[in-house]
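Close look at the chain arrangement
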Amino acid sequence: MRTHEYYAMDGDTIKRTRQFCPKCGSGVYLAEHADRMTCGRCGYTKYKK
Ligand SMILES: [Zn+2]
C-alpha cells in the first residue's frame, strides 16, 4: 500500500500552503519563488509581504 507515502506528500503540501491561482481557479497551483508566487498558466503574480 502507498497510502502512507501519499499522506506524507499531502502533509508537505499543506505545510507549504500552496495556493490556487485566483484567475484560473482550483486545480492550477501558483509556483512558489523566493519573494513571489506565479501562475504558469495565465502569468498571475502574487508578491509575498
Ligand atoms: Zn492563473
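The structure this text deals with has already been given above.
Please read these numbers as outputs of a predicted model, since none were measured by experiment.

1. Some remarks on the pairing of strand β3 (residues 36-39)
With three bridges connecting them, strand β2 (residues 25-32) and β3 associate as antiparallel partners. Its bridge partner lying in β3, A31 is registered against T38. Hairpin connection from β2 to β3: three residues lie between these consecutive antiparallel strands. As judged from the three bridges shared by β3 and strand β4 (residues 45-47), these two strands associate in the antiparallel manner. Within β4, the position partnered with R36 by the bridge is Y47.

2. As for the environment of Y44
By the element assignment, Y44 lies in the loop between β3 and β4. Owing to 15 C-beta atoms within 10 Å, Y44 belongs among the partly exposed residues under this scheme. In this structure the C-alpha to C-alpha distance between Y44 and K23, which are 21 residues apart in sequence, comes to 7.6 Å. Once residues within four sequence positions are removed from consideration, Y44 is found in contact with C21, P22, K23, T38 and C39.

Criteria and thresholds
Residues numbered from 1 in each chain as written. Predicted model: local features only at pLDDT ≥ 70, side-chain atom pairs only at ≥ 80, totals over all residues. Pairing = 2+ DSSP bridges. Helix = DSSP H or I, 4+ residues; strand = E, 2+ residues; numbered from the N terminus. Buried ≥ 20, exposed ≤ 12 C-beta atoms within 10 Å, placed from the backbone. Contact = placed C-beta atoms within 7 Å.

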